[in-house]
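Breakdown of the fold
These are the residues of each chain, in order.
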Amino acid sequence: AHDLVIRSFRAGAIGKTMIADVIDQWDAPNHEDFSERNLWSLHNAFSEVWKGNLIAMRDRSASLHSVLDPFAGLTVSNEVIEV
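Anyway, here's the lowdown on the structure attached to this text. (Residues numbered from 1 in each chain as written. Predicted model: local features only at pLDDT ≥ 70, side-chain atom pairs only at ≥ 80, totals over all residues. Heavy atoms only, no water.)

1. As for the packing of helix H1 (residues 2-11) against helix H3 (residues 39-50)
To characterise two packed helices, one gives the angle between the axes of the helices and the distance between these axes. Two numbers describe how H1 lies on H3: the axes approach to 11 Å, and their chain directions differ by 45 degrees. Here H1 lies oblique to H3, going by the angle between them. With respect to the hand of their crossing, H1 and H3 are arranged in right-handed fashion. The residues of H3 that touch H1, namely those facing Leu4, Val5 and Ser8, are Leu39, Leu42 and Phe46. For the contact of H1 with H3, the per-class residue count stands at 5 nonpolar, 1 polar and no charged. (Axes fitted to C-alpha atoms, helices over the stretch in contact; angles between N-to-C directions. Helix = DSSP H or I, 4+ residues; strand = E, 2+ residues; numbered from the N terminus. Parallel < 35°, antiparallel > 145°, perpendicular 65-115°, else oblique. Left-handed = near helix turned anticlockwise from the far one by under 90°. Contact = heavy atoms within 4.5 Å. Nonpolar A, V, L, I, M, F, W, Y, C, P; charged D, E, K, R; others polar.)

2. Comments concerning the nonpolar core
Counting residues in each nonpolar core, the largest one holds 17 residues, and the members touching the most others are Val5, Ile14, Val22, Leu42 and Phe46. Where this core is concerned, the elements lending two or more residues are H1, helix H2 (19-27), H3 and helix H4 (54-71). At 5 residues, H3 tops the list of elements feeding residues into this core. If near-sequence neighbours (up to four positions away) are discounted, valine 22 is found in contact with Val5, Ile14, Ala45, Phe46 and Val49. (Core = buried A, V, L, I, M, F, W, Y, C linked by side-chain atoms within 4.5 Å. Buried < 20%, exposed > 50% of the residue type's maximum accessible area, 1.4 Å probe, protein only.)

3. Things to note about the pattern of salt bridges
Inspection of the entire model under this criterion finds 3 salt bridges. Between aspartate 3 and arginine 7 there is a salt bridge; the shortest N-O distance is 2.8 Å. With aspartate 3 and arginine 7 both in helix H1, this residue pair falls 4 residues apart, about one helical turn. Overall, aspartate 3 belongs to the partly exposed group, its relative accessible area being 45%. (Salt bridge = Lys/Arg side-chain N within 4 Å of Asp/Glu carboxyl O.)

4. Side note on the packing of H1 against H2
Here H1 crosses H2 at 150 degrees, and the two axes come no closer than 11 Å. Crossing angle aside, the handedness with which H1 passes H2 is right-handed. Facing His2, Val5, Ile6 and Phe9 of H1, the residues of H2 in contact are Ile19, Val22, Ile23, Trp26 and Asp27. Per-class residue counts for the contact of H1 with H2 are 7 nonpolar, 1 polar and 1 charged.

Here it is in structure tokens:
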């Protein structure tokens, strides 16, 4: 998890001053639902730290997914899906 936090920082998902806050949320999440140690809980640690800054959230989320998705075995498709 710690390596993924640093990779996410380097990708622009968080600023350097948020690293400790994400680690704190990972170690002791605010919500009991995220106490299991899995990728979803790590994602929640980031989103807890992002709260209050809706303008930056979209870009930060995309940066985070660029790190976590490959780790989870997900790939990005260039296919456009019409609804």
